[in-house]
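Each chain, letter by letter, is given below.
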Amino acid sequence: MAEFPLHLIPILPFIGAAIALLIGRRLGKNVITLLCCGSVAAAFIVSVKGFLVLHHDLPPTGALVGRFFEAPWIKAGDLNISAGLAMDHLSAILCLVVTGIGFLIHVYSTAYMEHDENYTRFFAFLNLFTGSMLILVLGDSLPVTFVGWEGVGLCSYLLIGFWLDKDANALAGRKAFVVNRIGDFGFLLAMFLIYSRTGTLKYTELAGHIDQLSAHIWFGLPVAYFVGLLVLVGATGKSAQIPLYIWLPDAMAGPTPVSALIHAATMVTAGVYVVARLHFVFEAAPVTLAVVAVVGAITALFAATIGIAQRDMKKVLAYSTVSQLGFMFVGVGTYLNNTHTANYQAGIFHLVTHAFFKACLFLGAGSVMHGLNGEGDIMRMGGLRKWMPHTRWTFLIACLAIAGIFPLSGFWSKDAILGGVWHASWLTSGPPTNFLEKMAFAKDGDQFVIHLGHFLYPVLLLAAGCTAFYMFRLYWLAFGGEYRGPAVSSAALAHAVGDAHDTHAAHGHDDHGHDHAPAHESPPAITVVLWILAIGAIVIGFLGIPEVVRPGFDYFGEWLSPVLPPLVADESASEFWMFAAIALAVSGIGIGLAWVLYGHGPAVAVRNFVARAPRLYRLVFNKYYVDEIYDFLVVRPVRFTAFLLWKAFDAFFIDLILVNGVGFLVSGFGKLSKYLQNGDLQRYIVALIVGGAVIVGVGTHYDVWAGAKFETAVAGRDVRVVAHGAGTTAKRLQYRVDWEGDGKFGATQPSPNFKHTYDKPGSHKIAVEAIDPRWGTVSRESRTVKVQ
Amino acid sequence: MIPIHWFLELAAVLFVVGSLGVILRRNALIMLMGIELQLNAANLTLVAFSRAYHDAHAQAFAFIVIAVAAAEAAVGLAILVGIFRNRRSVNVDELTIMKH
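Residues numbered from 1 in each chain as written. Chains lettered and ligands numbered in written order. Predicted model: local features only at pLDDT ≥ 70, side-chain atom pairs only at ≥ 80, totals over all residues. Heavy atoms only, no water.

## Considering the nonpolar core
Grouped together as the largest cluster of nonpolar side chains are 209 residues, with contacts concentrated most on Leu-278, Ile-348 and Phe-472 of chain A. Of all hydrophobic cores here, the second largest spans 17 residues; its members include Val-704, Phe-754, Ile-766 and Val-785 of chain A. (Core = buried A, V, L, I, M, F, W, Y, C linked by side-chain atoms within 4.5 Å. Buried < 20%, exposed > 50% of the residue type's maximum accessible area, 1.4 Å probe, protein only.)

Okay, structure coming up:
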């Protein structure tokens, strides 16, 4: 079999992006549309082809491999990383989702962004994102995945702040970027740790070296735990989980197709994907999987409750996404200790189904806003079913799917997660230490098993109920009841069209009619995409019907089994239906409550409740003030530190002392030395002559100046004197000595050695004179010696 | 034979006179003449030693100095003429444009 052109999948969108970015402005809108949609469609076709190859003609390695180029990508010492790609069963599915949904959203965007002046830029970024996401998914080693990981982060930033003339959008983009960096840091550290312990970063090789991660113990825990937790930090950043979820709701500042593609269907699932990809690491450290599940469950419920009180359509969907990602985390974090497997399949399954219905919801919301000239406040909508039938029906289908209504896709995937988590059990070592653990732990043979699943299950169930409630609150507020927005007269509309032409050109809205309807249905490019996604949201779930319900129909699980082992819980069909019934009942209650309260517009009961518990309402409406808490705990201290560093270190030390100090020194020295270099030639000559004279003088007199220095050696009454002077050149000097310090010098001699014997003991002052006969200069040294 | 120190003392006097001329006078022409004096003082020293030590090398060196002095005088005078044409003065105190 010829090598499969795997590298084409990410490269095709990149080519589209490159052309669009470089020469896009000259090509015209139609060419751009064709180019960008076409390249993603081509990537989709290649992905399908790869999928089919995997299906029919599975290579012995279990994956298709490819690489961007043959030469090593990073080579340093023992480190040798190739720019390799691999498509196994897991990445094949992700590839299909990314390219498939990506293509649909590209098509949708052609209508949604039609009037945007930066149409080309938008599609270029969208293509860039698709390519990056495909690298992330197809990377055969952590660094390659990381390239995609950072690439999608960048595109997310670029697209959140797409309408960069508004500060709020740019700030939202920056927030997303910064928060994601925190997660990326965890990812990087995990990568370093893995490499330092195993010496490889390739997934296939890593799986074989996993015992090295378990063997090393740090602080009483295998290194695998730290790796797992660090990967989790990265995943919480990218997949918007507690505590790093805060960027996702703000990311809704971007155009709606971006929210649908990046912030709902694909990029935010990268965290789930990476956890599944590194499943062997997590299996070596099962308690980290418990952490994954707990983080997921708390996020699921937390975000779902926030979603209840939001008024902005996209904000509701954003919190819904956070919540659903929490479900996926619970899925991949659900661990069964006796079979040593986790419920990855359910997590990935939910990822796929969620991609369909959440994309459909977001695009539906986009369609609504498109039809309402950018109105996003659900309190000002209502009754839209009359004017937007396609949007309404697809939105309803997606709502039913996300609420988990039988037999739509959400039902199957959410049930797989809920059913799994009930059976979950995570190994723990050592006896419980506090009462909470004693409650949660049950003795099972010699090992303690956390029955955390029994706690997580109701949490998730509650989150599912909230999901059903807020989704149908959203649905009825938007499409049910009567229109509550501002009345639209044809004059006002005409005025709006003429007046706000620029603004809605910039926001991608479209006005067709001058009729009296406050809203209008979107063009076919939008509605057709909505219907495709809605049908997907209905049928995609049938690929994952559990074995116990209908043997042989779990295509999805069967497909993933070579990569991700299935969770083997001994669940019977009756148990499955019991869980399903409970989940359905909870969803039904949620929907029913939503109908009672919002079926015909906001009911009086809602207003009464808000009036009676204003604090609770405000708490939830303001998202539990998490942003404010982070602002207080993180942003302000960092800003304050930065301020201090700026003032004390940068402004004072660097700028004043170092930079200005050097300048001051130089200029000061210059000010002084300018008197030397005054341009007066004759002064220079004076300096030259004086300097020359000094040098000659010192050079010729140095000998004799230093020549009289002497040493004495006393032995009894004998005293020896050696005048060592200035070394070898002292040869031509003459010496004489005064032994008593009385001014009577002995004979002058060329040798510096003298000897004298004193008659009587006591102190004697010795003076030595060195004479240079050439100039007649003399130097004198004296010293006192004691003799016995 | 005249002792060497006579020559050396004469040379020293010539050199000091030349130096003072260079240092004290503001007329560039006189400064050039001072330089000539200094050079000739050096020449005298060279020739004197040459004779005292019976070594002709120093005399050869004196010729080189004479040649260099001639060249220096030619170039220096040419510059002076050029300056005088432009500025109507060869007073070195006024020739300060390089300073600014």
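So that's the structure; there's more coming.
## Examining the interface of chain B and chain A
At the junction of the two partners, chain B supplies eleven residues and chain A supplies eight residues. Taking both sides of the interface into account, the surface hidden between chain B and chain A amounts to around 650 Å²; carbon and sulfur atoms contribute 64%. For the interface between chain B and chain A, the tally reads zero salt bridges. Of all the elements in the fold, those that place two or more residues in the side of chain B that touches chain A are α1 (4–24) and α2 (28–53) of chain B. Here the side of chain B that touches chain A gets four residues from one element, more than from any other, and that element is α1 of chain B. Considered class by class, the residues forming the side of chain B that touches chain A number five nonpolar, two polar and four charged. (Contact = heavy atoms within 4.5 Å. Buried area = accessible area lost by both parts, 1.4 Å probe. Salt bridge = Lys/Arg side-chain N within 4 Å of Asp/Glu carboxyl O. Helix = DSSP H or I, 4+ residues; strand = E, 2+ residues; numbered from the N terminus. Nonpolar A, V, L, I, M, F, W, Y, C, P; charged D, E, K, R; others polar.)

## What to know about the sheet that holds strand β14 (residues 762–772) of chain A
All names here are of chain A. Overall, antiparallel pairing links the three strands, which are arranged β12-β14-β15 in an open sheet. Each edge of the open sheet is held by one strand with a lone partner, namely β12 (734–738) and β15 (777–787). Sheet twist, expressed as the average angle between the axes of neighbouring strands with direction ignored, equals 20 degrees. Contacting β12, β14 and β15, helix α29 (residues 681–707) runs over the sheet at an angle of about 20 degrees to β15. (Pairing = 2+ DSSP bridges. Axes fitted to C-alpha atoms, helices over the stretch in contact; angles between N-to-C directions.)

## Focus: helix α4 (residues 119–138) of chain A
Its 20 residues place the ends of α4 of chain A 28 Å apart at the C-alpha level, agreeing with the 28 Å of an ideal helix rising 1.5 Å per residue. Of all 20 residues in α4 of chain A, 19 are buried, a share of seventy percent or more. (Expected span 1.5 Å × (residues − 1).)

## What to know about the sheet that holds strand β13 (residues 753–757) of chain A
All names here are of chain A. With antiparallel pairing, the three strands of this open sheet are ordered in space as β10-β11-β13. Lying at the two open borders of the sheet, with one neighbouring strand each, are β10 (710–715) and β13. Mean inter-strand twist for the sheet, computed between neighbouring axes without regard to direction, equals 15 degrees. With five bridges connecting them, strand β11 (residues 718–723) and β13 associate as antiparallel partners. The partner of Asp-718 across the bridge, within β13, is Thr-757.

## With respect to the environment of Ser-561 of chain A
All names here are of chain A. Checked against the element boundaries, Ser-561 lands in the loop between α24 (555–560) and α25 (573–598). Given a relative accessible area of 29%, Ser-561 falls into the partly exposed group. A sequence separation of 217 residues divides Ser-561 from Tyr-344, and the C-alpha atoms of the two residues are 9.9 Å apart. With residues up to four places along the chain from it excluded, the contact list for Ser-561 reads Gln-345 and Pro-566. Among the polar contacts listed, one links the side chain of Ser-561 to the backbone oxygen of Gly-557, at a separation of 2.6 Å. (Polar contact = N/O pair within 3.5 Å; in protein donor to acceptor, adjacent residues only side chain to side chain.)

## Remarks on the packing of aromatic side chains
All names here are of chain A. The tally for this structure, following the rule as stated, stands at 35 aromatic pairs over all chains. Between Trp-412 and Phe-576, the ring centres sit 6.4 Å apart and the planes meet at 10 degrees, which makes this aromatic pair stacked. Here Trp-412 is found in helix α18 (residues 409–423), whereas its partner Phe-576 is found in helix α25, with 164 residues between them in sequence. An identical accessibility class is assigned to Trp-412 and Phe-576; each is buried. (Phe/Tyr/Trp six-rings, centres within 6.5 Å; stacked < 30°, edge-to-face > 60°.)

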